[in-house]
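Each chain, written out:
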Amino acid sequence: MRELSEAEWHVLESLWADSPKVGNQIVADMEIRKGWCRSTTLTMLRRMTEKGLIFCDDSGKMKTYTTLICREDAVKKETESFLNRVYQGSVSMLLNNFVEKQRLSAGDIKELRELLDQAKEQNER
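Residues numbered from 1 in each chain as written. Predicted model: local features only at pLDDT ≥ 70, side-chain atom pairs only at ≥ 80, totals over all residues. Heavy atoms only, no water.

S.K.: Summarise the packing of helix 1 (residues 6–17) against helix 3 (residues 38–50); cite the residues concerned and give the values.
M.R.: When two helices pack together, you describe them by how their axes are tilted relative to each other and by the distance separating the axes. Two numbers describe how helix 1 lies on helix 3: the axes approach to 11 Å, and their chain directions differ by 95°. By the angle class used here, helix 1 and helix 3 are roughly perpendicular. Contact residues: Ala-7, Glu-8, Val-11 and Leu-12 in helix 1; Met-44, Leu-45 and Met-48 in helix 3. (Axes fitted to C-alpha atoms, helices over the stretch in contact; angles between N-to-C directions. Helix = DSSP H or I, 4+ residues; strand = E, 2+ residues; numbered from the N terminus. Parallel < 35°, antiparallel > 145°, perpendicular 65-115°, else oblique. Contact = heavy atoms within 4.5 Å.)

In structure tokens form, the structure reads like this:
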């Protein structure tokens, strides 16, 4: 899967929230969320269909759209891309920068420790 544009993310978020959707539902959703006009949304739907990101079923009276990629896969790909692009793949650099710039709650710290403990256990197997 290739990287997604910000506009593609918006359309996919709409479909991940509720799918399948007819074109008019997505047009209305994008108008509310992003202020897009009908033609902008329809162009995005056509392009995303051509790219294989979504499927368009035009067998009925109205075109119905469903996503062909799951949110979890898209998030993983985007996270990998960001990590490689900004931090040269270094998770520790990312966390160090994040911890320096953000105020972490006790709950956040506990959660991070648990995640690191799980990662350590998996690596020892």
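S.K.: Mind laying out the packing of aromatic side chains, listing which residues take part and the relevant values?
M.R.: Evaluated as defined, the whole model comprises two aromatic pairs. Measuring from centroid to centroid gives 5.6 Å for Trp-9 and Trp-16, while their planes differ by 70°, and the two rings are edge-to-face. The exposure class assigned to Trp-9 is buried, which follows from its relative accessible area of 16%. (Phe/Tyr/Trp six-rings, centres within 6.5 Å; stacked < 30°, edge-to-face > 60°. Buried < 20%, exposed > 50% of the residue type's maximum accessible area, 1.4 Å probe, protein only.)

S.K.: An account of the layout of surface pockets is requested, with residue identities and associated values reported.
M.R.: Picture a little ball the size of a water molecule; that probe, rolled over the atoms, points out where space is still empty. For the largest pocket, the calculated volume is near 240 Å³. Lining of the largest pocket is provided by Thr-79, Phe-82, Leu-83, Val-91, Leu-94, Leu-95 and Leu-116. Looking at side-chain class alone, the lining of the largest pocket contains six nonpolar, one polar and no charged residues. (1 Å grid on protein atoms, 1.4 Å probe; cavity = no way out; pocket = protein on both sides within 12 Å on 5 of 7 lines; lining within 4 Å. Points joined across faces, edges and corners; volume = space filled by probe spheres on them. Nonpolar A, V, L, I, M, F, W, Y, C, P; charged D, E, K, R; others polar.)

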